[in-house]
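Fold and contact review
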Amino acid sequence: MPNNNKIKGYTLENNIIKELREIGLSVERLGQANQADMIVHGFGTGEAKCKKNLKSFYDILGKNHFAVVKWQSPKARGNEPIALLPFYLFKLLLRAYVK
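Residues numbered from 1 in each chain as written. Predicted model: local features only at pLDDT ≥ 70, side-chain atom pairs only at ≥ 80, totals over all residues. Heavy atoms only, no water.

For the rest of this paragraph, the subject is the pattern of salt bridges. All chains considered together, the criterion is met by 2 salt bridges. Here R29 ties to E13 by a salt bridge, and the two come within 2.8 Å at their closest N and O atoms. Of the two residues, R29 sits in strand β1 (residues 27–29) while E13 sits in helix α1 (residues 4–22), which places them 16 residues apart along the sequence. Residue E13 is classed as buried on the basis of its relative accessible area, which comes to 8%. Taking the shortest distance from any N to any O, the salt bridge between E19 and K91 comes out at 2.8 Å. Of this pair, E19 sits in helix α1 while K91 sits in helix α3 (residues 87–98), and the two are 72 residues apart along the sequence. (Salt bridge = Lys/Arg side-chain N within 4 Å of Asp/Glu carboxyl O. Helix = DSSP H or I, 4+ residues; strand = E, 2+ residues; numbered from the N terminus. Buried < 20%, exposed > 50% of the residue type's maximum accessible area, 1.4 Å probe, protein only.)

Moving on, we come to α3. Along its 12 residues, α3 runs 16 Å from first to last C-alpha, staying within 8% of the 16 Å computed at 1.5 Å per residue. Taken together, the buried positions of α3 are occupied by L89, K91 and L94. (Expected span 1.5 Å × (residues − 1).)

This part covers the packing of α1 against α3. Put simply, α1 and α3 touch, their axes get as near as 10 Å, and they point 45° apart. The orientation of α1 relative to α3 falls into the category oblique. Considering the relative orientation of α1 and α3, their crossing is right-handed. Between α1 and α3, the residues in contact are I16, E19 and L20 and F87, K91 and L94, respectively. A breakdown of the residues in the contact of α1 with α3 according to their chemical character gives 4 nonpolar, no polar and 2 charged. (Axes fitted to C-alpha atoms, helices over the stretch in contact; angles between N-to-C directions. Parallel < 35°, antiparallel > 145°, perpendicular 65-115°, else oblique. Left-handed = near helix turned anticlockwise from the far one by under 90°. Contact = heavy atoms within 4.5 Å. Nonpolar A, V, L, I, M, F, W, Y, C, P; charged D, E, K, R; others polar.)

Here is the structure:
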C-alpha cells in the first residue's frame, strides 16, 4: 500500500507542474531521490513540499506579497535567506522571466 505522504507530495507536484504548463512554461518532473522535484526550463529547479509543519510559513507571510526568511542557527550559517511568496505571484514572475 502506498505511503499517504508520498501520495500527497506526488499530487502537489503534479498540480504545480500542470499549472505552470498552463501558463506556457516548459516544466519537467524529475522525481528521483535526492534531487529537485521539477525543473522549469529557462529558470531552474524547484521543490514542492506538503507538510503539516509548514503552517508557520503562512503565519510569516500573512497578507503580504512576500517575506524573506533567514534561519538563525549555527547549522544555517552562510546560507542565503529564503524568499516566500504566494504561488500566483511566483507564476507571474516565472512567466515574465522565462519569456
